[in-house]
Amino acid sequence: MRTHSSLLKHLFCAFLAVLLLFLPAAPATTQADNPNPPTSPLKLIFIHHSTGENWLEDDHGQLGITLRDNNYFVSDTNYGWGPDSIGDNTDIGHWWTWFVGPNRDRYTAALYAESHQNSWYSRLSTDPGGPNSIIMFKSCFPNSHLGGSPDDPPATGHNPLRGQDVGSEHMTVANAKGIYNDILAYFATRQDKLFIVITAPPLVANSTDAAGAANARAFSDWLVHDWLDGYPHANVAVFDFYNVLTSNGGNPHTNDLGWAAGNHHRWWNGAIQHTHPVSNDFVAYGSDAWDSHPTAAGDRKASAEFVQLLNVSYHRFAGTEPPMATPTSTSTTAPTRTPSPSPSASRTRIPGPSPTPGRFRCYLPIILKGLWRHVPPSPTATRPPAPTQTPTRTSTPISGCPGRIVIIQRGTGGQVADAYIWESEPDYTGNWETLYTGRVDWGRKKTLLRFDLSTLEASTTVHQATLHIKQKYGTGPRTVNAHRIVAQWGEDTVTWNHFGGRYEQSVVGSFSSAGSGWKEVDITALVQGWLNGSIVNYGVLLDDPSAGPDEAEEYIASEDGRTEQRPKLEICVAR
């Protein structure tokens, strides 16, 4: 009997085991993603240049305010920052220098310890202390022009892009992928840090071509969907800044934040969504046809979509904080111009939008698949020391104007493109906060400026037109000449080799480089010709032809954060 009973028990157990194979499995219990702010302040540092600075600013992209209100204490690096001025270098090839190269430990030690601001934005009033736990970094828009083909696999072995800038002939899809694979190996050794990769923003159509833009799109998609495949840790995440900036609400000054349609990377309907149904590989928020810097509307869309993904990434990385109640969501059903709210001392949460019907591709989950500015600072801002200069003078306005005065200046009225080209680096595009004339090393530097006059009628009579540019430094006195440019150029792409000598040798005006301060050039006849159509407006070139080795001038460019310091064209026109 005992033998028979034991047999029955074994048969019954076997039957139950087989039956269980066909029963639906109980759902696994996993911690839900948490898009809400961390409960304690966290230290974050952002490596960036001018586009990142605009994104951070209170009166532009408001990323600083948004991060502050989500309990992040934000510091940043900018041009001139750190050992060997490593802050100057933020192109794709430079990330190898930061995180893999022979001076990596020195650079990262300074990065992790940094707690100051090198741009001006609101942040938490109290430093929580300790090192930065979140490292956020971004290349600028010139990196969104890549050679090769969209499906090229990552380069292996020796990668010629390592340490190179955006002007390198080796800026290809394959080499860019290889750089990110290189730095991922370092990230795996620093699981105490959360690394946030921000894809480079897109270019305006005038600064790239369809093939280069398609390659940039493919590279950004690869970072989001494929780069972290098989990566076993939770300390790396990607935000597709590129994608977010490729759709708008009808114009560059109106965003599509909260729309079901459009290109997004966000927290949506309780999950992470990465979607781009709008077929566009160029920036939808360009400051003008030649300026790829995103407008405030585009940057604010990015701020709102980014911060909840950052929160999700942090909670996955920490793995300790339980989800908090998600705020009631709202939806935006019509395009709205994004206002500029005043900074608030209280913390606010940006709720996730409610879904509305729409066609989109959704990927779940994705994010963890695997120099300074002179504006009123926040209470804790530490201004970098100002360089010693000779006394400056203010810009001299047109006096006795019988009509009205029109000012063309980026950020004030109208659009301006500017860049410098350098004979020593003939494939380099000098589009940043400083412009140059003269000679550095053995190579000459020349500055190009173009002022958009489309707001003025062709029949406008010009009584006087004066170009104003503020000189920061000079080794003069010498004479700097202005020449008429005779061919098209883009401030994101122009190089010494690309531009050549496409300007008239005749001089349209000049100024002395002695001292610092505002310099003026009378270009009345040139502006009148631009307006009436007798001369095509390609802008003017500034050159210091008598400069010897290491004799040069530095000027404030339109990328500088201080709007009132930027180059401007002052025109006295008939009423």
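Report follows, based on the coordinates.

Here is what the cut-offs are and how they apply
Residues numbered from 1 in each chain as written. Predicted model: local features only at pLDDT ≥ 70, side-chain atom pairs only at ≥ 80, totals over all residues. Heavy atoms only, no water. Axes fitted to C-alpha atoms, helices over the stretch in contact; angles between N-to-C directions. Helix = DSSP H or I, 4+ residues; strand = E, 2+ residues; numbered from the N terminus. Parallel < 35°, antiparallel > 145°, perpendicular 65-115°, else oblique. Left-handed = near helix turned anticlockwise from the far one by under 90°. Contact = heavy atoms within 4.5 Å. Nonpolar A, V, L, I, M, F, W, Y, C, P; charged D, E, K, R; others polar. Disulfide = S-S within 2.5 Å. Buried < 20%, exposed > 50% of the residue type's maximum accessible area, 1.4 Å probe, protein only. Patch = residues over 30% accessible without salt bridge, like charges linked within 9 Å, V, L, I, M, F, W, Y side chains within 5 Å. Areas by Shrake-Rupley, 256 points an atom, 1.4 Å probe, with all protein chains shown as cover. Salt bridge = Lys/Arg side-chain N within 4 Å of Asp/Glu carboxyl O. Lys, Arg positive; Asp, Glu negative; His and termini not counted. Charge placed at Lys NZ, Arg CZ, Asp CG, Glu CD. Polar contact = N/O pair within 3.5 Å; in protein donor to acceptor, adjacent residues only side chain to side chain. Pairing = 2+ DSSP bridges.

Another aspect to go through is the packing of helix α6 (residues 173–187) against helix α7 (residues 210–225). The relative placement of two packed helices is expressed as an angle between their axes plus a distance between the axes. Relative to each other, α6 and α7 sit at 25 degrees, their axes nearing to 10 Å. Classified by the angle between their axes, α6 and α7 sit roughly parallel to one another. Seen along the crossing, α6 lies across α7 with a hand that is right-handed. Contact residues: Val173, Ala176, Lys177, Tyr180 and Asn181 in α6; Asn215, Phe219, Trp222 and Leu223 in α7. Looking at the contact of α6 with α7 residue by residue, the class counts come to 6 nonpolar, 2 polar and 1 charged.

With that settled, the discussion passes to the state of the cysteines. Within the structure shown, the criterion is met by 1 disulfide. The partner cysteine of Cys401 in its disulfide is Cys572, sulfur to sulfur 2.0 Å. Every disulfide takes its handedness from the sign of the S-S torsion; for Cys401 and Cys572 that torsion is 90 degrees, giving right-handed. Of this pair, Cys401 sits in the loop between α9 (296–318) and β10 (404–408) while Cys572 sits in strand β20 (residues 568–573), placing them 171 residues apart in sequence. Like Cys401, the residue Cys572 is buried in the burial classification.

So, about a negative patch on the surface. Among the surface-exposed residues, Glu169, Glu425, Asp427, Asp441 and Asp550 lie close enough to one another that they form a single negatively charged patch. Checked against the element boundaries, Asp441 lands in the loop between β12 (434–440) and β13 (443–451). Under the relative-accessibility criterion, Asp441 is labelled partly exposed at 45%.

Quick look at the side chain of Arg68 now. If you trace the backbone, Arg68 turns up in helix α3 (residues 63–68). Arg68 sits in the buried class, given a relative accessible area of 9%. Among the polar contacts listed, one links the side chain of Arg68 to the side chain of Asp69, at a separation of 2.9 Å.

Let us now look at the sheet that holds strand β5 (residues 236–239). Judged by pairing direction, the sheet is parallel, and its 5 strands sit side by side in the order β2-β1-β3-β4-β5 without closing on themselves. Looking at the sheet topology across the chains shown, the edges are occupied by β2 (72–77) and β5. On average, adjacent strands in this sheet sit at an angle of 20 degrees to one another, irrespective of strand direction. The pairing of strand β3 (residues 134–138) with strand β4 (residues 194–198) spans 5 bridges and is parallel. Opposite Phe137, over in β4, you have Val197 as the bridge partner. Across the sheet, α9 lies against β1 (42–47), β2, β3, β4 and β5, angled at about 155 degrees from β4, the strand it touches most.

Nothing here speaks to function; it is all geometry.
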